[in-house]
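# Descriptive structure summary
Residues per chain, in single letters:
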Amino acid sequence: MRPDDLHCAGVAMSGHPCRHAASRPRITGIATTAALVIWWVTIDQLARSGLDASFWAVARPLSFVSAIIGLILLTRSRSIAAALDATPAWWLLAVQVYRFAGGLAMLALWWSGRSVSALGLIAAVGDTLVGLFAVIAAAWVYSGARGGRVAGIAWNVFGLSDIAFNVVNQAVLGVSVSYQVIMIAVFLAPLSVILHGLSLWQLSRARSVDSGGASKGLRAGMPSRQR
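Scope of this entry: the structure provided in the associated data block. Because the structure is predicted, anything quoted here is derived from the model rather than measured. (Residues numbered from 1 in each chain as written. Predicted model: local features only at pLDDT ≥ 70, side-chain atom pairs only at ≥ 80, totals over all residues. Heavy atoms only, no water.)

Once that is clear, we can look at the side chain of S192. Within the secondary structure, S192 is located in helix α9 (residues 179-205). Setting aside anything within four residues of it in sequence, one finds S192 in contact with Q96, Y98, R99 and I163. (Helix = DSSP H or I, 4+ residues; strand = E, 2+ residues; numbered from the N terminus. Contact = heavy atoms within 4.5 Å.)

In structure tokens, the structure reads:
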């Protein structure tokens, strides 16, 4: 047990609420939002200033390593766990509808000849499909119908596979560096990895499917569980 937990336990025994515990989720939310905004502004400015090939080769893998580390830290947070338990599972699926716009941007790059023809087209179509399927998976989970949780997990795996394919595609065949490419590869793609990871974690924390087939807690959020 951590010192702040001992403090809250002592305050609770005295019959008063623990203000430290109540403020912890707010602090976590503010810190997470601030980190996301700083990340976006930094990549946006770098993309507008232009990146040479050497820096691009470093920025791309570094962004994914940072995303994985950030995801690990988020999954170790009690406040994030409580927030996910209180959030409908379909939200984290529906929010990635932006992948559809990313796919369209990649299609524009392919059409203009700034992306390798065959694999560039496949990557663009893949992102577009992920964005479209995000709506379908979110609606399935929201409906509470049989198989919704499995559909959500399958969509997350599909989305992560699409990102992995694009990373390998860009590393092996290369891509013309532009503002759109930098924002997708160094910001949106790593952000999607975090969202996929949080969605999978949330779905794994959901209650098991009941005898009627409807997944409990997926539509309206799950009650927060104590650890």
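Summed over the entire model, instances satisfying the criterion amount to three cavities of 30 Å³ or more. In this structure, the second largest cavity encloses a volume near 150 Å³. When residues of the lining of the second largest cavity are traced back to their parent elements, those giving at least two are α6 (98-111), α8 (148-173) and α9. At five residues, the largest contribution of residues to the lining of the second largest cavity is made by α9. Looking at side-chain class alone, the lining of the second largest cavity contains nine nonpolar, four polar and two charged residues. (1 Å grid on protein atoms, 1.4 Å probe; cavity = no way out; pocket = protein on both sides within 12 Å on 5 of 7 lines; lining within 4 Å. Points joined across faces, edges and corners; volume = space filled by probe spheres on them. Nonpolar A, V, L, I, M, F, W, Y, C, P; charged D, E, K, R; others polar.)

The next subject is the pattern of salt bridges. Going through the model one piece at a time under the given rule, you end up with four salt bridges. Of the charged contacts in the structure, one is a salt bridge between D44 and R48, with a shortest N-O distance of 3.0 Å. You can see D44 and its partner R48 sitting in helix α2 (residues 19-49), four residues apart, about one turn around the helix. The class for R48 is exposed, based on a relative accessible area of 58%. Across the salt bridge formed by R205 and D85, the nearest N and O atoms sit 2.5 Å from each other. Taken together, the residues R205 in helix α9 and D85 in helix α4 (residues 78-85) connect sequence positions 120 residues apart. On the accessibility criterion, D85 (1% relative accessible area) is buried. Linked through salt bridges whose partners overlap, the residues forming this network are R99, D127 and D162. (Salt bridge = Lys/Arg side-chain N within 4 Å of Asp/Glu carboxyl O. Buried < 20%, exposed > 50% of the residue type's maximum accessible area, 1.4 Å probe, protein only.)

The next point concerns the packing of α6 against α9. Two elements in contact, α6 and α9, have axes separated by 12 Å at closest approach and are oriented at 150 degrees. Put simply, α6 runs roughly antiparallel to α9. Remark: the crossing between α6 and α9 carries left-handed chirality. In this structure, α6 uses Y98, R99, G102, A105, M106 and L109 to contact α9, whose residues at the interface are V181, I184, L188, L191, S192, L195 and H196. When the residues that make up the contact of α6 with α9 are grouped by side-chain class, the tally is nine nonpolar, three polar and one charged. (Axes fitted to C-alpha atoms, helices over the stretch in contact; angles between N-to-C directions. Parallel < 35°, antiparallel > 145°, perpendicular 65-115°, else oblique. Left-handed = near helix turned anticlockwise from the far one by under 90°.)

With that out of the way, let us pick up the environment of V65. Within the secondary structure layout, V65 lies in helix α3 (residues 53-75). Owing to a relative accessible area of 45%, V65 belongs among the partly exposed residues under this scheme. Separated by 125 residues in the primary sequence, V65 and P190 place their C-alpha atoms 8.6 Å from one another.

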